[in-house]
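Observations on the three-dimensional arrangement
One-letter residues, chain by chain:
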Number of protein chains: 2
Amino acid sequence: MATNKTQRVTMSDVARHAGVSRTTVSFVLNDKPGAAIPDETRRRILGAIDELGYRPNAGARALAAKRSGWFGLITEIVTGPFAAEVITGAQSRAWGDRRFLLIAASEGDPAQEAAALDQMLEHRVEGLLYATTWHRAVTLPKAVREVPTVLVNCYDSEGELPCILPDEESGGYRATRRLLDAGHTGIGFINLDPAIPAAIGRRAGYERALREAGITPDPSLVIPGWATADGAYTAACELLDRPAADRPTALFCGNDRMAMGAYDAIKERGLRIPHDVAVVGFDNQELIAAYLRPKLTTLALPFEAMGTKGVDMLAALAAGQPLDTHRVTIDCPLLERSSV
Amino acid sequence: MATNKTQRVTMSDVARHAGVSRTTVSFVLNDKPGAAIPDETRRRILGAIDELGYRPNAGARALAAKRSGWFGLITEIVTGPFAAEVITGAQSRAWGDRRFLLIAASEGDPAQEAAALDQMLEHRVEGLLYATTWHRAVTLPKAVREVPTVLVNCYDSEGELPCILPDEESGGYRATRRLLDAGHTGIGFINLDPAIPAAIGRRAGYERALREAGITPDPSLVIPGWATADGAYTAACELLDRPAADRPTALFCGNDRMAMGAYDAIKERGLRIPHDVAVVGFDNQELIAAYLRPKLTTLALPFEAMGTKGVDMLAALAAGQPLDTHRVTIDCPLLERSSV
DNA sequence: ACAAGGAAGTAACGCGCGTTATTAAAGCGC
DNA sequence: GCGCTTTAATAACGCGCGTTACTTCCTTGT
């Protein structure tokens, strides 16, 4: 209770107050195995801690123990729902190990990224998480080699660093499969930029699902679009304006914003969702998916799970254990709402 | 370059390599005023630092200097756009002072909040930012008194702690004024729960703007709603179904989700936005406001600015300077889009 | 009775660094 | 040559703590 603002309570104060040596206090605080401390002494010490309002100094402890207890997390943008989810996942997992997360944003600027990395290394992080907002290849400053590093939602071109990625292929498969199960056979796919991993993986899953259902994928049903509502609107128009026999009864969109555009195209034509045309999105942007009418069935990128898994792997690496898998993929769960 | 993974380079290594004492190295690193270091010596030391790849140990430095360099930021939810903006603002401002931000989420759970606070105090944060997602009164654990604390987007009932708040009144005024300027005289106000500060302040601003324009506020035009799209939909219906002479030509909504509901009500009646009915939202939830059709004119809560200002005030407090203002309010800027 | 072993506790070192006091050499006026 | 200041650099202490090695006292078995 009686904390002095100008002079923090130290372990020596506690020791003096309890009538023991500082070493003994340290032993009960870390309940050191092998140290025999009678209950009575322990109680006296804990009592003193309580009375004085003692708080261990994490920095000093780290210095003495040569363990900082820090993990670093570098991300492009702290704003934006994706990074926030990664942080949440990593944060909660780290907490369990009594570790703290050092968070920095690069804002896409290599200089800021380097500065952030420097700061982290000066704080002696024991591991580093490097997360991107969209699935792609990255090249990192060499300095990351000074510390165990795990990539989240990205991978390095050299393939040297362990990484955690969303399973785009199974995501594409699952979306398509859901539409097939609902009885659709003509399924249009408004894809992202076909050069990026997400587009490639999802298309592979899309085609695998079709083949499994005995349907030969029709390339003309796959339209690579700009990843915007307007781009998807145009793409959807193209698909919906095909001759009736050829017109898809379902649309699988590269992300939720694109699904918004598709919604507009569908509604404009007096068609109804999901009765006439079913729609599946991707990304699960709550603010869009949950407020569209009808609510959008979509796949979620497992950002939170990736953050958690990232800390998992870091903890293993920091403990010197070898990784079982160098490249981990995590499923994208399907969120059923009302558009299928 | 030649960093040894198993044994970090210390200042003593640098000193030995440069043929000087550790003290001298410390002096050039902090370029201590009063210490006369010839250029030649300085160069030798900097050279050694570079060659060995030395990085100061932030923890050890903090311990010796008795300055942790940390500020803490406790927020309810890391996810969600609001917290992210506060973090961005605080982060970037803190960076300039070579300070790092310790971020933790309470998830609305007092136990987690206390745990987070404990951790922060153990890390010897020199100041604490406590941010909420919506403007309201809070009561904090007593432990916050151990360190300078600034409240962001909230205030304590006892009024003891400095706080930074959005200027709800001027926000309400600005929104209403914008509609008046567009020629509207019957302005409906679908408010939030009338008991919360945001609702009270905005209504005051709304009425002030009306009076300034020579219009006596009509209480029946103000409908307190549930802060949801559905609630606002119902409220909008009520306003729009009034007899033609009495029907408002503009709606001011408590938040953007509510504006979505209002949009639906307006469109259902074959009315057009902004031609027949203008709409102003609040909160500037990008994903909603920017994608609604037409795009929504709305007011932004100044989260990022509040985060920045928060660190500003903390820096002053931590430096022992008195605060000029105990209670700071920050304007809510109007973002013009296409719904007015 | 005595050695052996455990129980309870402590002195002392070091973690990597900031800082103060002090020393050693060099410049300056006379 | 002598004092005196300035310049250049260092020894030594302490920050708060973890940890090792060591001491002292009490049991226990034979």
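Residues numbered from 1 in each chain as written. Chains lettered and ligands numbered in written order. Predicted model: local features only at pLDDT ≥ 70, side-chain atom pairs only at ≥ 80, totals over all residues. Heavy atoms only, no water.

A few words on the overall build of chain A. For chain A, the count of helices and strands is 12 helices and 12 strands. Taken against the 2.2 N^0.38 rule, which gives 20 Å for 340 residues, the C-alpha radius of gyration of chain A at 27 Å runs more than 25% over that of a compact globule. With the C-alpha coordinates of chain A rotated into their principal frame, the extents come out at 90 × 40 × 35 Å. The proportion of buried residues among the 340 residues of chain A is 54%. Counting 37 positive and 42 negative side-chain charges, chain A places the averaged centre of each group 7 Å from the other. (Helix = DSSP H or I, 4+ residues; strand = E, 2+ residues; numbered from the N terminus. Rg over C-alpha atoms; globule rule 2.2 N^0.38 Å. Buried < 20%, exposed > 50% of the residue type's maximum accessible area, 1.4 Å probe, protein only. Lys, Arg positive; Asp, Glu negative; His and termini not counted. Charge placed at Lys NZ, Arg CZ, Asp CG, Glu CD.)

Below, the discussion takes up the protein's contact with DNA strand C. In the neighbourhood of DNA strand C, 27 residues make up the surrounding shell, with A:Ser21, A:Thr23, B:Met11, B:Arg22 and B:Tyr54 lying closest. Looking at the surface near DNA strand C residue by residue, the class counts come to 13 nonpolar, 9 polar and 5 charged. (Near = heavy atom within 4 Å. Nonpolar A, V, L, I, M, F, W, Y, C, P; charged D, E, K, R; others polar.)

This next bit is on the protein's contact with DNA strand D. Around DNA strand D, the surrounding shell holds 27 residues, and the nearest of these are A:Met11, A:Arg22, A:Tyr54, B:Ser21 and B:Thr23. Atoms of DNA strand D within 4 Å of the protein belong to the sugar or the phosphate in 60% of instances, the rest to bases. A:Thr23 is positioned such that a nitrogen or oxygen atom in its side chain is 3.4 Å from a base oxygen of DNA strand D. Side-chain polar atom of A:Tyr54 to a phosphate oxygen of DNA strand D: 2.5 Å apart, as the coordinates give it. Of all the secondary structure elements, the ones that give two or more residues to the surface near DNA strand D are helix H2 (22-29) and helix H4 (58-65) of chain A together with helix H2 (22-29) and helix H4 (58-65) of chain B. When the residues that make up the surface near DNA strand D are grouped by side-chain class, the tally is 13 nonpolar, 9 polar and 5 charged. (Polar contact = N/O pair within 3.5 Å; in protein donor to acceptor, adjacent residues only side chain to side chain.)

Listed per partner, the contact involves 47 residues of chain B and 47 residues of chain A. The contact between chain B and chain A buries some 4,700 Å² in all, and 58% of this surface belongs to carbon and sulfur atoms. Counting across the interface, chain B meets chain A through 10 salt bridges. With its nearest N and O atoms 2.9 Å apart, the salt bridge here joins B:Arg293 to A:Asp264. Linking chain B with chain A are 15 residue pairs in polar contact (both at pLDDT 80 or more). (Contact = heavy atoms within 4.5 Å. Buried area = accessible area lost by both parts, 1.4 Å probe. Salt bridge = Lys/Arg side-chain N within 4 Å of Asp/Glu carboxyl O.)

For the rest of this paragraph, the subject is the packing of aromatic side chains. All names here are of chain A. Inspection of every chain in the model, using the stated rule, returns 13 aromatic pairs over all chains. Aromatic pair Phe-82 and Phe-303: ring centres 4.6 Å apart, planes at 20°, arrangement stacked. Of this pair, Phe-82 sits in helix H5 (residues 81-96) while Phe-303 sits in helix H12 (residues 303-318), and the two are 221 residues apart along the sequence. Exposure class is identical for Phe-82 and Phe-303. Each is buried. (Phe/Tyr/Trp six-rings, centres within 6.5 Å; stacked < 30°, edge-to-face > 60°.)

Looking now at the packing of helix H9 (residues 229-240) of chain A against helix H10 (residues 256-268) of chain A. For any two helices packed against each other, the geometry is given by the interaxial angle and the distance between the axes. All names here are of chain A. Close contact between H9 and H10 brings their axes to 7 Å; oriented N to C, the two are set at 45°. In this view, H9 runs oblique relative to H10, as classed from their interaxial angle. Classified by chirality, the crossing of H10 by H9 is right-handed. Of the residues in H10, those touching H9 at Ala-229, Ala-232, Tyr-233, Ala-236, Cys-237 and Leu-240 are Arg-257, Met-258, Gly-261, Ala-262, Asp-264, Ala-265, Ile-266 and Glu-268. In terms of residue class, the contact of H9 with H10 is made up of 10 nonpolar, 1 polar and 3 charged. (Axes fitted to C-alpha atoms, helices over the stretch in contact; angles between N-to-C directions. Parallel < 35°, antiparallel > 145°, perpendicular 65-115°, else oblique. Left-handed = near helix turned anticlockwise from the far one by under 90°.)

Let us now look at the pattern of salt bridges. A complete count under the given rule lists 46 salt bridges over all chains for this structure. A salt bridge links A:Asp230 to B:Arg293; its shortest N-O distance comes to 3.7 Å. Of this pair, A:Asp230 sits in helix H9 while B:Arg293 sits in the loop between helix H11 (286-289) and strand E10 (297-300), which puts the two residues in different chains. Since its relative accessible area comes to 41%, B:Arg293 is described here as partly exposed. Linked through salt bridges whose partners overlap, the residues forming this network are A:Arg8, A:Arg55, B:Asp118 and B:Glu146.

Moving on, we come to the nonpolar core. If you look at the biggest cluster of nonpolar residues, it comprises 145 residues, and the most contacted ones within it are A:Ile190, A:Leu251, B:Ile190 and B:Leu251. Ignoring any residue separated from it by four or fewer positions in sequence, one finds A:Leu251 in contact with A:Leu179, A:Gly188, A:Ile190, A:Ala236, A:Leu239, A:Ala262, A:Ile266, A:Val277, A:Ala278, A:Val279 and A:Val280. (Core = buried A, V, L, I, M, F, W, Y, C linked by side-chain atoms within 4.5 Å.)

Residue and element names in this part refer to chain B. Among the 6 residues of strand E2 (residues 100-105), 6 are classified as buried, and the element is accordingly described as predominantly covered. With burial as the criterion, each face of E2 is covered, one bearing Phe-100, Leu-102 and Ala-104 and the other bearing Leu-101, Ile-103 and Ala-105. Where strand E1 (residues 70-75) lies against E2, 6 bridges are found, and the strand directions are parallel. The residue of E2 that forms the bridge with Thr-75 is Ala-105. (Pairing = 2+ DSSP bridges.)

Attention now moves to the domain arrangement of chain A. All names here are of chain A. Segmenting chain A into domains produces domain 1 (11-56), domain 2 (68-166 + 304-331) and domain 3 (168-299). Averaged C-alpha coordinates put domain 2 and domain 3 at centres separated by 32 Å. On the domain 3 side, the residues contacting the 8 residues of domain 2 number 7 residues. Summing the contributions of domain 2 and of domain 3, the shared interface buries around 600 Å²; its carbon and sulfur component is 55%. Of all residues in domain 2, Phe-82, His-135 and Asp-331 give up the largest surface area on contact with domain 3, accounting jointly for 60% of the area buried on that side. (Domains from an automatic or database assignment.)

Residues and elements named next belong to chain B. The N-to-C vectors of helix H1 (residues 11-18) and H2 enclose an angle of 105°; their axes lie 8 Å apart at closest approach. Taken as axis vectors, H1 and H2 run roughly perpendicular relative to one another. Contact with H1, carried on its side by Met-11, Ser-12, Val-14 and Ala-15, involves Arg-22, Val-25, Ser-26 and Leu-29 of H2 and no other residues of that element. Taken together, the residues of the contact of H1 with H2 break down into 5 nonpolar, 2 polar and 1 charged.

All names here are of chain B. Among the structural elements, Val-277 can be located in the loop between helix H10 (256-268) and strand E9 (278-283). Taking the relative accessible area as the measure of exposure, Val-277 reaches 0% and is therefore buried. Placed 62 residues apart in sequence, Val-277 and Ser-339 show a C-alpha to C-alpha distance of 8.5 Å. Filtering out sequence-adjacent residues up to four positions away, Val-277 remains in contact with Leu-240, Thr-249, Ala-250, Leu-251, Ile-266, Leu-271 and Arg-272.

The next subject is the side chain of B:Asn284. One can find B:Asn284 in the loop between E9 and H11. Contacts of B:Asn284, omitting those with residues within four sequence positions, involve B:Asp256, B:Ala289, B:Thr298, B:Leu299, B:Ala300, B:Leu335 and B:Arg337.

Right, let's talk about unusual backbone geometry for a bit. The linkage connecting A:Ile273 with the following residue, A:Pro274, adopts the cis geometry, with an omega of 0°. Here A:Pro274 lies in the loop between H10 and strand E9 (278-282). Cis geometry marks the peptide bond from A:Arg293 to A:Pro294, where omega comes out at -5°. The residue A:Lys66 is not glycine, and still its phi comes out positive at about 55°. On the secondary structure map, A:Lys66 appears in the loop between H4 and strand E1 (70-75). Here A:Lys66 falls in the exposed class, since its relative accessible area comes to 73%. Of note, B:Asn284 is a non-glycine position whose phi angle comes to about 50°, a positive value.

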